[in-house]
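# Observations on the model geometry
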Amino acid sequence: QCCAGQGGAAARGLVSGGGAPDRPAEEPVDLVASIRSGGFRQQEVLREVQRCRTHVLLSNLREYTVVIGRLGREHLWQQAVSLLEDMKQRSDFTPDAIAWGAVISACERGSQWQVVLRLLGEMTSSGAGGNLAAYSAAISACGKGLQWGQACALLEAMRDERATPNVVVYNATISACAKGRQWELGFRLVGSMREHFVTPDVITYNALISACEKGGQWPLALHVLAGLEQRGPQPNVVSYNTTMSACEKSSRWDWSLHLLEAMPGRLLEPTVISYCASMRACVRASEWQRALVLFDDMARHGIEANEIAHSAAIGALAEGRQWAAALAMLAWMKCVSLPPDVVAYTSAIQACHGNQQWEQALLMLESMRADGVPPNQVTFSAVMRACESAHQWQLVLALLGGMQQQGATPNIVSYGIALSACAKAEQWTLALALLSELRGAKLQPSLAAYGTAIDACQRADRWEEALATLSLLYADGLAPDARAYDHVVAACERCGEWEMAMLLLLEMSARGPQPTRKTHAILSRLPWSALPQDKYPGVPKPIAVVQPGAAHVAEASEPEGGTVAVSVSPHATASVAGGGGGGGGGGSGGGA
């Protein structure tokens, strides 16, 4: 017993696993057994541990260690660290390796990799030494924090301290590398296991397959699975599911289906996770009908479809633009007590976008809020796309503004949709304001975002603003493509700024973007005879005129200093034959 009286009753209540705190003091209680069978909820455990600390009710190292273990299971890592500090202040005993390991494990459960590394260092400095459990928990914590480098460093530190890593430690390290998409390092670690006479088990190979899956290496995932089938250890359901997930992420629906069909031959029963991986693979490859067949097969094989399976089926219906069926399945989920998650709602909204059902998309967004499902960035982007395709630019901007209030931070995709909506509505001032807001939010605008903003200026005949936006594109270290140049040149042409249009075409040729049909159409309309040739000596005029959609070349007079040949094809190009004066000016003009 840790003590008697009122404090002892509190301690007995903590460790009794649901017993009343006011149990008589004289009743014998086995502290360790009681706390392991604990039935207290988290807040009750927190309250009773605080009382034990206040009244110093824990009397020996074993009791501290057991209580710390319970705190770890309740994810109360701060309180576990506090108990460790209490032990350090005791004069009758000091924390041993097991107590340190319990605290480290508690912090690992709380995903506190920085705290874990600090505690491991203190543990080594205190003379307690590091044990396998502590190192394994520390490596696992680094994996959760995506600190694969730290995990590998800990493995090396074990060897330096002449501690022999076992299969559990290696598995934790490979899993950390898998989370960091370090599949090459995972293979090297498996080789290191064999060099150090540590036999890999099926968990090892599952972690290696996971590394291949996250690194997009589906052929290697298949290779590892084939090795298990041929040489052992025997693959399990996790092995197949992870390999199917690797195939799914690379849209290899054929291999995913093959693995699903091969599982019964290996005496492995496919699970709902197995079917969901294959369904998602089919959806990614636009094989949405096959995904729906798999959904039906689950029921025939007695596998109950969960929320994830229904979400995958709704995604298949969205891919097939079956918006009415997608909404019906969403309603069915509510009827069978399967609350739709954000993935299911988002998939249904995407189905509405593909069928110009922007009102339904907005209704789905409101339904999410009513059901207490917070929309994420992908959800808002799907609703915004539906509204943008219906030219509802005001709604798009309202949704963009409402994202922050709903806890979803706008990203490049959401800003790009808003820019496109403003460009189509010829709202060039709003488009430029959005671009400025995007840059102010420390989000690097993409080339497409700049091109859309320039397009908005071009549609409104704002050539100076289009040119200024092109300069911003350069300032951000991006190289404009032909589309961006075409928009600026078209704006200059429409405003009668022929000379600026020609200069931009020369710059476009010098910088390398291949001319498009729109480029050739602008070239055909430029009044070459009115341009000041004395100011731009050696600039050739086109001898061929390409009209939009034309299937022939109309010849013109040959310019001085060379010829320009323009080919008409789906990939129209322009090239220069002959010399020309003016050095760089002649070369650039030929390219345009």
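Residues numbered from 1 in each chain as written. Predicted model: local features only at pLDDT ≥ 70, side-chain atom pairs only at ≥ 80, totals over all residues. Heavy atoms only, no water.

## Topic: the overall build of the protein
- Tallying secondary structure elements over the protein gives 31 helices and four strands in all.
- Across the 592 residues of the protein, 47% fall into the buried class.
- Within the protein, counting contacts between residues at least 6 apart in sequence, those at least 24 apart form 59% of the total. (Helix = DSSP H or I, 4+ residues; strand = E, 2+ residues; numbered from the N terminus. Buried < 20%, exposed > 50% of the residue type's maximum accessible area, 1.4 Å probe, protein only. Contact = heavy atoms within 4.5 Å.)

## Section: the packing of helix α24 (residues 412-424) against helix α25 (residues 428-440)
- Put simply, α24 and α25 touch, their axes get as near as 9 Å, and they point 165° apart. Here α24 is positioned roughly antiparallel relative to α25, judged by the angle of their axes. For the pair α24 and α25, the crossing hand works out as left-handed. From α24, Ile412, Tyr415, Ala418, Leu419 and Cys422 reach across to α25, where they touch Leu430, Ala431, Leu434, Leu435, Glu437 and Leu438.
- Of the residues assigned to the contact of α24 with α25, the class counts are ten nonpolar, no polar and one charged. (Axes fitted to C-alpha atoms, helices over the stretch in contact; angles between N-to-C directions. Parallel < 35°, antiparallel > 145°, perpendicular 65-115°, else oblique. Left-handed = near helix turned anticlockwise from the far one by under 90°. Nonpolar A, V, L, I, M, F, W, Y, C, P; charged D, E, K, R; others polar.)

## What to know about the pattern of salt bridges
- Applying the stated criterion across every chain, the model contains 21 salt bridges.
- The closest approach of N and O atoms between arginine 439 and aspartate 476, which form a salt bridge, is 3.0 Å. Taken together, the residues span a long stretch of sequence, with arginine 439 in helix α25 and aspartate 476 in the loop between α27 (463-475) and α28 (482-494) at a distance of 37 residues.
- Residue classification places arginine 439 among the partly exposed positions, given a relative accessible area of 32%.
- Among the residues examined, aspartate 476 registers a relative accessible area of 22% and is labelled partly exposed.
- Taken together, the shared-partner salt bridges in this structure form one network comprising Glu85, Lys88, Arg118 and Glu122. (Salt bridge = Lys/Arg side-chain N within 4 Å of Asp/Glu carboxyl O.)

## Details of helix α5 (residues 77-88)
- Helix length check: α5, at twelve residues, gives a terminal C-alpha distance of 17 Å against a target of 16 Å (1.5 Å per residue), a fit within 8%.
- Of the surrounding secondary structure, the elements contacted by the buried residues of α5 are α3 (42-54), α4 (61-73), α6 (97-109) and α7 (113-125). (Expected span 1.5 Å × (residues − 1).)

## With respect to unusual backbone geometry
- In this structure, the amide linkage connecting glycine 232 to the following residue, proline 233, adopts the cis form with an omega of -5°.
- Within the secondary structure, proline 233 is located in the loop between α13 (218-231) and α14 (237-249).
- Here the phi dihedral of serine 111 falls at roughly 60°; this positive angle occurs in a residue that is not glycine.
- Along the chain, the position of serine 111 falls in the loop between α6 and α7.

## Some details on the layout of surface pockets
- Its boundaries defined by the atoms lining it, the largest pocket holds a volume of some 420 Å³.
- The wall of the largest pocket is formed by 18 residues, among which Ser311, Gly315, Val343, Ser347 and Gln350 lie closest to the centre.
- Among the secondary structure elements, those contributing two or more residues to the lining of the largest pocket are α16 (272-284), α18 (307-319) and α20 (342-353).
- Tallying contributions element by element places α18 first for the lining of the largest pocket, with seven residues. (1 Å grid on protein atoms, 1.4 Å probe; cavity = no way out; pocket = protein on both sides within 12 Å on 5 of 7 lines; lining within 4 Å. Points joined across faces, edges and corners; volume = space filled by probe spheres on them.)

## What to know about the confidence of the model for the protein
- A residue-level look at the protein finds 82% of positions with pLDDT of 70 or above and a mean pLDDT of 80.
- Averaged pLDDT values over the elements of the protein bottom out at 30 in strand β4 (residues 574-577) and peak at 95 in helix α12 (residues 202-214).
- With pLDDT under 50 throughout, residues 537-592 is counted as low confidence; its partners more than four residues away or in other chains account for 92 contacts. (pLDDT = per-residue confidence, 0-100.)

## Side note on the environment of methionine 158
- Along the chain, methionine 158 falls in helix α9 (residues 148-160).
- Placed 23 residues apart in sequence, methionine 158 and tyrosine 135 show a C-alpha to C-alpha distance of 7.8 Å.
- Apart from the residues within four sequence positions on either side, methionine 158 is in contact with Leu132, Tyr135, Ala163, Thr164, Pro165 and Val169.

## Description of the side chain of serine 414
- Position of serine 414 among the secondary structure elements: in helix α24.
- Overall, serine 414 belongs to the buried group, its relative accessible area being 0%.
- Among the polar contacts made by the side chain of serine 414, one reaches the main-chain amide nitrogen of asparagine 411 at a distance of 2.8 Å.
- Leave out the neighbours within four places in its chain, and serine 414 touches Ser381, Met384, Leu400 and Met403. (Polar contact = N/O pair within 3.5 Å; in protein donor to acceptor, adjacent residues only side chain to side chain.)

## What to know about the packing of helix α21 (residues 358-370) against helix α22 (residues 377-389)
- Two numbers describe how α21 lies on α22: the axes approach to 8 Å, and their chain directions differ by 155°. Between α21 and α22, the crossing angle belongs to the class labelled roughly antiparallel. As for how α21 packs across α22, the hand of that crossing is left-handed. Taking contact as the criterion, the partners of Trp358, Ala361, Leu362, Leu365, Met368 and Arg369 in α21 are, on α22, Thr379, Phe380, Val383, Ala386 and Cys387.
- Taken together, the residues that form the contact of α21 with α22 break down as nine nonpolar, one polar and one charged.

## With respect to helix α10 (residues 167-179)
- Relative to the 18 Å expected for 13 residues at 1.5 Å per residue, α10 spans 18 Å between its end C-alpha atoms, a close match to the ideal helical length.
- Val169, Tyr170, Asn171, Ala172, Thr173, Ile174, Ala176, Cys177 and Ala178 are the residues of α10 that are buried.
- In this structure, the buried residues of α10 make contact with α8 (132-144), α9, α11 (183-195) and α12.
- Where α10 begins, the capping side chain belongs to asparagine 166, and its oxygen is found 3.2 Å from the backbone nitrogen of valine 168.
- Within two residues after α10, arginine 181 carries a phi angle of roughly 60°, on the positive side.

## Side note on the environment of valine 116
- Mapped onto the fold, valine 116 is located in helix α7.
- With a relative accessible area of 0%, valine 116 lands in the buried category.
- Residues valine 116 and alanine 134, spaced 18 residues apart in sequence, show a C-alpha to C-alpha distance of 9.2 Å.
- Setting aside anything within four residues of it in sequence, one finds valine 116 in contact with Ile104, Cys107, Glu108, Ala138 and Ala141.

## Focus on the side chain of asparagine 171
- Within the secondary structure layout, asparagine 171 lies in helix α10.
- On the basis of relative accessibility, which here comes to 7%, the residue asparagine 171 falls in the buried class.
- Looking at asparagine 171, its side chain comes within polar contact range of the side chain of threonine 204, at 2.5 Å.
- The contacts of asparagine 171, once residues within four sequence positions are left out, are Asp201, Ile203, Thr204 and Ala207.

## A closer look at the state of the cysteines
- Within the structure shown, the criterion is met by zero disulfides.
- No disulfide involves cysteine 495; its nearest neighbouring cysteine sulfur is the one of cysteine 492, lying 7.3 Å away.
- Exposure remark for cysteine 495: the relative accessible area of 29% places this residue in the partly exposed category. (Disulfide = S-S within 2.5 Å.)

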